[in-house]
Amino acid sequence: VIVDTAAKAAAQTAEYAGEVLARLRKRAPRVHCLTNTVAQAYTANMLLAAGAVPSMTVSPEEIGGFVGSADAVLINLGTLDTERRAAIAIALDAVNSAGKPWVLDPVMVERSASRAGFAAELLHRMPRAVRLNTGEFAALSGNDPTDDSIAGFAVTHGAVVAVTGQGDRVSDGRRRALIENGDPAMALVTAMGCAGSALTAAALAVEVDPFVAVTAAIAAFGVAGEVAALSARGPGSFAIAMIDALHHLDRATLAARIKASLAG
Amino acid sequence: VIVDTAAKAAAQTAEYAGEVLARLRKRAPRVHCLTNTVAQAYTANMLLAAGAVPSMTVSPEEIGGFVGSADAVLINLGTLDTERRAAIAIALDAVNSAGKPWVLDPVMVERSASRAGFAAELLHRMPRAVRLNTGEFAALSGNDPTDDSIAGFAVTHGAVVAVTGQGDRVSDGRRRALIENGDPAMALVTAMGCAGSALTAAALAVEVDPFVAVTAAIAAFGVAGEVAALSARGPGSFAIAMIDALHHLDRATLAARIKASLAG
Amino acid sequence: VIVDTAAKAAAQTAEYAGEVLARLRKRAPRVHCLTNTVAQAYTANMLLAAGAVPSMTVSPEEIGGFVGSADAVLINLGTLDTERRAAIAIALDAVNSAGKPWVLDPVMVERSASRAGFAAELLHRMPRAVRLNTGEFAALSGNDPTDDSIAGFAVTHGAVVAVTGQGDRVSDGRRRALIENGDPAMALVTAMGCAGSALTAAALAVEVDPFVAVTAAIAAFGVAGEVAALSARGPGSFAIAMIDALHHLDRATLAARIKASLAG
C-alpha cells in the first residue's frame, strides 16, 4: 500500500487497530510472556484489558506446556536470571517449531554487554517482531533510528521492527508507518514499553500480516495513552487509566485520534 | 447446619464473613505466601487491606523462620521455578508439623502436565483448603464441578474445596455453600483468584472451622468486587477499588449483598 | 547545624527536600535496585515519579554493567534467593570500588535468623544509609530505637540511619532529625518502606551530604503520603495517589507540611 495523504493513512491505521482490538476481544488469544518480574503484573493486566489471556511461568518443566497451548509468545530481556534464560531457549524451540509468532523486547540492552550479546543471539531465532526504544535500537543495530536504518534492520532480521519514542516508527523493510500518538506520561510508568510489546504479541496472534498487527497494536496503545491522560492526575493514576482506556477503546476514538503516515 | 431458606443462608453467610473480617482486623494474622511473582504485590496489598500481615520470601534458608512465625500459609503454583519448588517442600514440612492451616491454589494446572503432577503431590500434604476455578478443578479431579464432585473431592483430600467462577461453590464433603456474589470484572484482573486464595488463608488463621472460614472469605471477596464495580471505570480502576472496598467492608454491606445457599 | 526552633527546623528540612526533588527532576539519576519481587514495580514507579531512572536486574552476568552505569544502588533483602544473594555481592564490589552510594533496607530481618546474619554481613560493606523500621532496628542493633541507640548504630557502621514509623528518626551519629509527617495508610501498602528506601538512594545520588539526602527523602516521602491521603478512598487508591503526589510535590507544599526537629 501507498497511502498518499495523512488523513487516509490515519483512517487506514485506525481500521487496522479497530479490527485487531475487535479480534482480541472475540478470540481471547493466549499470550505466554517470558518477561521481567517488574513488568509481569502490569503486562498481564494490560493483556486482560485488551481481551487476551496472559500466562507467565518461567519453569523449564512447564514452559513447553504453556507455549504449546499459547497463540503467541513475548520474550522480554529485563531481569534475566539463569533459569529465565534457559526457559527462553526452550520456549523458542517450541514456538518456532509450531510456527507461532513471537516478539522480542530487548529492554535496556544498552546497559549491559552481556544482555546485548544475548539479544543478538535471539535475533537469529526469527522473531516475528522486535519492539524497542531509540537507545535500545542504537545499541543493537549500531545506528540511530531513521526510516532507512529501521527498514534495513527489519530486512536483516526478517522481522517487523517498531522503534517507539517521540513518534513510533514501524517497518517490515518494505512498508513503513510513522505513528504520532501517545502521551509523555507513558515514559513515567515502569513496564509501559513491556506492556506495549505484549499487546503487539497479542495482535500477531489474530492478524497474519505482521506489519498490520504491529502497526495496529502500537497505534491503539498510543491512543489509549492519550485517553488516559485526559483523566490522570499523575503517573500513578495514569498507569491505571491506561488499562481502563485500552479496555474501552473503540473505533470512533481510534478514528478521531490516530495520527499516522504510511508508505511502501 | 441446614439452612432452609435463601434469606437465612445469606444472613448466616454474612455473619460468617463479618466475624472473620472483624477478627482479621483485630488479630492481624501473619500469612506467608509462596505465590507467583505476577501475583505477589496485589496479594500482599489485598491481605494488608483486610488486616493481615503478608510475607513472601522463597529463600530455602529463610522459609523456616518465616513459616515458623506465620499463622497460615498460601501455596500458589504460578511461576514455579526450581527454588520455589524447594521452598514449598520446606514450608509444608514446617506448617504441617506445627499444625497450621495452609491453602493450595493450583493456578492454571490445566496448562501443564508437570504442574498437574506437582499439584497432585501437594494434595497429599493435607491442605486445609483448595481454591481453584472450573478448569483447574476439572484438570485435577477429572470431573466437571458439581455439588457431588466437589464434595467427593473434598472428602478424598480431607480439605475444604472452593470452586470459584459464575457462582462459587464451597464444600467440606458434608456441608456445602453456593455463593452468588462477585462481578465479571474480577476475571479481567490478574492475580484476582490468587488474592482470593490468600484471603482464604488469612481467614483460616482466625476461624477454626475451615468450612466457615472459606465460605466467609469467598463471600466477602465477592461482595468487595460488587462494591468496587460501583465506582470502577474499567479493569484497572476496578483492581484498585477492590482493595479499597475490602478494607472498608462492613457487616451492613455484607448483609445487604450476600446471596448464598447453605446445605449439609 | 543546631536548629533551635521547630519552625526553623521545618523550614530547613523543607529546603533540603525541595532541593533534592529539584535535582532529581533535573539530573534523572540512575538507581539500580536489587529489591524483592513484591516491591519491584511499585519501587520503579515511585522512582520514575520522582524523576529518577530505575533498573532492577539480578542477573550476575548483567549486574556489573548496570551498577557500573548507575548513580546509586539499593539493596533490599526481601525475597532473597540464591541468585539474588550472589548478585548483591557482585553489585557491592562494583559500587564500593566506584565510590557510589548505596542504601541497605533489611526488610523483615526480625523474621529470619538467616536474613539477620546476611544483613549483619552487609553492614560491614559500608552502606551510605540504612533505612528500616522499629522491629528491624531492634533485631539488627539489639536495642529499641532511641536517639542515642540510633546515633550509636550510625557511628558503629559509618552510615546514616533512618528508623521510620510513627515519627521518622534520622542520624549520622552527630546530627539527628525527627520528622513527623506521613499517614497511617502508608503501613497498609506493600513495598511502601521499600519505595522510601529507593527514594533515599536516589537522593544520595544528587546530594553529597548523606544526612541531608536521607532527611530530605524521608520528609518528602512523608509529605507525599499526607497529600495522597487527601484524595484516597482506601489503601488501594492511596498507593496510586502517593505516586501522583510525589510527582507533583512542590516547595510550597513541603514548607507548609513538614514537621521536623533537627539537632547536632
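Scroll up a little and you will see the structure.
Conventions used here
Residues numbered from 1 in each chain as written. Chains lettered and ligands numbered in written order. Predicted model: local features only at pLDDT ≥ 70, side-chain atom pairs only at ≥ 80, totals over all residues. Heavy atoms only, no water. Buried < 20%, exposed > 50% of the residue type's maximum accessible area, 1.4 Å probe, protein only. Helix = DSSP H or I, 4+ residues; strand = E, 2+ residues; numbered from the N terminus. Least-squares fit on C-alpha atoms with pLDDT ≥ 70 in both. Contact = heavy atoms within 4.5 Å. Salt bridge = Lys/Arg side-chain N within 4 Å of Asp/Glu carboxyl O. Buried area = accessible area lost by both parts, 1.4 Å probe. Nonpolar A, V, L, I, M, F, W, Y, C, P; charged D, E, K, R; others polar. Pairing = 2+ DSSP bridges. Axes fitted to C-alpha atoms, helices over the stretch in contact; angles between N-to-C directions. 1 Å grid on protein atoms, 1.4 Å probe; cavity = no way out; pocket = protein on both sides within 12 Å on 5 of 7 lines; lining within 4 Å. Points joined across faces, edges and corners; volume = space filled by probe spheres on them. Disulfide = S-S within 2.5 Å. Polar contact = N/O pair within 3.5 Å; in protein donor to acceptor, adjacent residues only side chain to side chain. Parallel < 35°, antiparallel > 145°, perpendicular 65-115°, else oblique. Left-handed = near helix turned anticlockwise from the far one by under 90°.

K.L.:
So what about helix H2 (residues 40-50) of chain A? Which residues, and what values?
P.N.:
Every α-helix carries 3.6 residues per turn, so stepping three or four residues along brings you back to the same face. Residues and elements named next belong to chain A. Of all the 11 residues making up H2, 10 are buried; the element is thus mostly covered by neighbouring parts of the structure. When we look at burial in H2, the residues that qualify are Gln40, Tyr42, Thr43, Ala44, Asn45, Met46, Leu47, Leu48, Ala49 and Ala50. Where H2 ends, the next residue or the one after it, Gly51, has phi of about 110°, a positive value.

K.L.:
Residue-level account of unusual backbone geometry, with values.
P.N.:
All names here are of chain A. You will see that Ala28, though not glycine, has its phi angle at about 50°, which is positive. For Ala28, the location among the structural elements is in the loop between helix H1 (6-27) and strand E1 (30-34). The backbone of Ala191 shows a phi angle near 75°, a positive value even though the residue is not glycine. Locating Ala191 in the fold gives a position in the loop between strand E8 (176-179) and helix H8 (192-206). Taking relative accessible area as the criterion, Ala191 reaches 9% and is therefore assigned buried.

K.L.:
Explain the relation of the copies chain C and chain A residue by residue, including any values.
P.N.:
Least-squares fitting of chain C to chain A yields an RMSD of 0.0 Å, with the superposition described by an axial translation of 0.0 Å and a rotation of 120°. The superposition operator between the copies reduces to a three-fold rotation axis. No C-alpha of chain C approaches the rotation axis more nearly than that of Thr37(C), which lies at 3.7 Å. Mapped onto chain A, only 7% of the interface residues of chain C are again interface residues, and the two copies thus contact each other with different surfaces.

K.L.:
Any details on the relation of the copies chain B and chain A? Residues and values, ideally.
P.N.:
Take chain B, turn it by 120°, move it 0.0 Å along the axis, and it overlays chain A with an RMSD of 0.0 Å. An asymmetric contact is evident, with only 9% of the interface residues of chain B recurring at the interface of chain A.

K.L.:
How would you explain the pattern of salt bridges if you had to name every residue and give the values?
P.N.:
The tally for this structure, following the rule as stated, stands at 39 salt bridges over all chains. Here Arg251(B) makes a salt bridge to Glu15(B), at a shortest N to O gap of 3.6 Å. Highlighted residues: Arg251(B) in helix H11 (residues 251-257) and Glu15(B) in helix H1 (residues 6-27), separated in sequence by 236 residues. Given a relative accessible area of 39%, Arg251(B) falls into the partly exposed group. Residue Arg125(C) is joined to Asp93(C) by a salt bridge in which the shortest nitrogen-to-oxygen separation is 2.7 Å. A residue pair is termed long-range when its members are at least 10 positions apart, and Arg125(C) in the loop between helix H5 (113-123) and strand E5 (129-133) and Asp93(C) in helix H4 (residues 82-97) qualify at 32 residues. When its relative accessible area of 26% is taken as the criterion, Arg125(C) is described as partly exposed.

K.L.:
So what's going on with the interface of chain C and chain A? Which residues, and what values?
P.N.:
Many analyses report the size of an interface as the accessible area lost when the parts associate. Listed by partner, the interface residues are 27 residues for chain C and 22 residues for chain A. Interface area for chain C against chain A, summed over the two sides, is near 2100 Å², with a carbon-plus-sulfur share of 55%. Its largest share of buried area at the contact with chain A, chain C owes to Glu62(C), Phe66(C) and Asp244(C), together 24% of the area lost on that side. Where Glu62(C) meets Arg115(A), a salt bridge forms, and the shortest distance between an N and an O atom there is 2.7 Å. Elements supplying a minimum of two residues to the side of chain C that touches chain A: helix H2 (40-50), strand E2 (53-55), helix H3 (60-68) and helix H10 (235-248) of chain C. The greatest single-element share of the side of chain C that touches chain A, amounting to 6 residues, is contributed by H2(C). A per-class count over the side of chain C that touches chain A returns 11 nonpolar, 11 polar and 5 charged.

K.L.:
With reference to specific residues and values, describe the sheet that holds strand E9 (residues 260-263) of chain A.
P.N.:
All names here are of chain A. If you walk across this open sheet you meet the 9 strands as E2-E1-E3-E4-E5-E6-E7-E8-E9, and the pairing is mixed. Unpaired on one side and paired on the other, strand E2 (53-55) and E9 mark the two borders of the sheet. Along the sheet, successive strands turn relative to each other by an average axial angle of 15°, direction set aside.

K.L.:
Which residues make up empty space enclosed by the protein, and what values do they have?
P.N.:
Here the structure, examined in full by the defined rule, presents 2 cavities of 30 Å³ or more. Lining the largest cavity are 39 residues, and of these Ala41(A), Ile240(A), Ala41(B), Ile240(B) and Ala41(C) lie nearest its centre. Elements with a minimum of two residues in the lining of the largest cavity: H2 and helix H10 (235-248) of chain A, helix H2 (40-50) and helix H10 (235-248) of chain B together with H2 and H10 of chain C. Its residues placed into classes, the lining of the largest cavity shows 26 nonpolar, 13 polar and no charged. As a volume, the second largest cavity reaches approximately 30 Å³. Elements supplying a minimum of two residues to the lining of the second largest cavity: helix H7 (147-157), strand E7 (168-171) and strand E8 (176-179) of chain B. Here the lining of the second largest cavity takes 3 residues from E7(B), the largest share from any one element. Considered class by class, the residues forming the lining of the second largest cavity number 3 nonpolar, 1 polar and 3 charged.

K.L.:
Quick one: what's the story with the environment of Leu262(A), residue by residue and with numbers?
P.N.:
Residue and element names in this part refer to chain A. Mapped onto the elements of the fold, Leu262 is located in strand E9. Sequence separation between Leu262 and Arg175 is 87 residues, and the spatial gap between their C-alpha atoms is 7.5 Å. In contact with Leu262, not counting residues within four places along its chain, are Val3, Ala9, Gln12, Thr13, Arg176, Ala177 and Phe211.

K.L.:
Provide a residue-level description of the state of the cysteines, including the pertinent values.
P.N.:
Within this structure, the stated rule accounts for 0 disulfides over all chains. Left unpaired, Cys33(A) is separated from the closest cysteine sulfur, that of Cys194(A), by 10 Å.

K.L.:
Break down the environment of Pro184(B) for me, with residues and values.
P.N.:
By the element assignment, Pro184(B) lies in the loop between E8 and helix H8 (192-206). Sequence separation between Pro184(B) and Leu104(B) is 80 residues, and the spatial gap between their C-alpha atoms is 24 Å.

K.L.:
So, the interface of chain B and chain A: which residues are in play, and what are the values?
P.N.:
With 22 residues of chain B at the contact, the number on the chain A side is 27 residues. For the pair chain B and chain A, the summed buried surface comes to about 2100 Å²; carbon and sulfur atoms form 55% of the total. Note that Arg85(B) is salt-bridged to Glu62(A), the shortest N-O span being 3.9 Å. For the pair chain B and chain A, the interface holds 10 residue pairs in polar contact (both at pLDDT 80 or more). The set of elements that each furnish at least two residues to the side of chain B that touches chain A consists of helix H4 (82-97), helix H5 (113-123) and H10 of chain B. With 4 residues, H10(B) is the single largest residue contributor to the side of chain B that touches chain A. Taken together, the residues of the side of chain B that touches chain A break down into 8 nonpolar, 9 polar and 5 charged.

K.L.:
Mind laying out the sheet that holds E7(B), listing which residues take part and the relevant values?
P.N.:
Residue and element names in this part refer to chain B. Here 9 strands make up an open sheet; going across it, the order is E2-E1-E3-E4-E5-E6-E7-E8-E9 and the pairing mixed. The outermost strands of the open sheet, each flanked by one partner alone, are strand E2 (53-55) and strand E9 (260-263). Each strand axis lies, on average, 15° off the axis of its neighbour in the sheet, ignoring direction. Where E7 meets E8, 4 bridges bridge the pair, whose relative direction is antiparallel. Bridge pairing in E8 links Arg169 to Leu178. Lying over the sheet, H7 contacts strand E6 (160-164), E7 and E8, oriented at roughly 40° with respect to E7.

K.L.:
Summarise the pairing of strand E7 (residues 168-171) of chain C; cite the residues concerned and give the values.
P.N.:
Residue and element names in this part refer to chain C. Strand direction decides the pairing type here: strand E6 (residues 160-164) and E7, joined by 3 bridges, are antiparallel. Following the sheet pairing, Val163 is matched in E7 by Arg169. What sits between E6 and E7 in their antiparallel hairpin is a turn of 3 residues, with Gly167 showing a positive phi close to 90°. Between the end of E7 and the start of strand E8 (residues 176-179), which pair antiparallel, lie 4 residues, with Gly173 showing a positive phi angle near 105°.

K.L.:
Please set out the environment of Leu24(C) residue by residue, giving values where relevant.
P.N.:
All names here are of chain C. Structurally, the position occupied by Leu24 is in helix H1 (residues 6-27). Spatially, the C-alpha atoms of Leu24 and Gly51 are 5.3 Å apart, while their sequence positions differ by 27 residues. For Leu24, the contacting residues outside a window of four places in its chain are Pro29, Ala50, Gly51, Leu199, Ala202, Ala203 and Val206.

K.L.:
I'd like a rundown of the packing of helix H3 (residues 60-68) of chain A against helix H4 (residues 82-97) of chain A, residues and numbers included.
P.N.:
All names here are of chain A. Direction vectors running N to C along H3 and H4 enclose 30°, while the axes themselves pass 9 Å from each other. By the criterion of interaxial angle, the relationship of H3 to H4 is roughly parallel. Considering how the two elements wind past one another, H3 and H4 form a crossing that is right-handed. In contact with Pro60, Ile63 and Val67 of H3, H4 contributes Glu83, Ala87, Ile90, Ala91, Ala94 and Val95. A class-by-class count of the residues in the contact of H3 with H4 yields 8 nonpolar, no polar and 1 charged.

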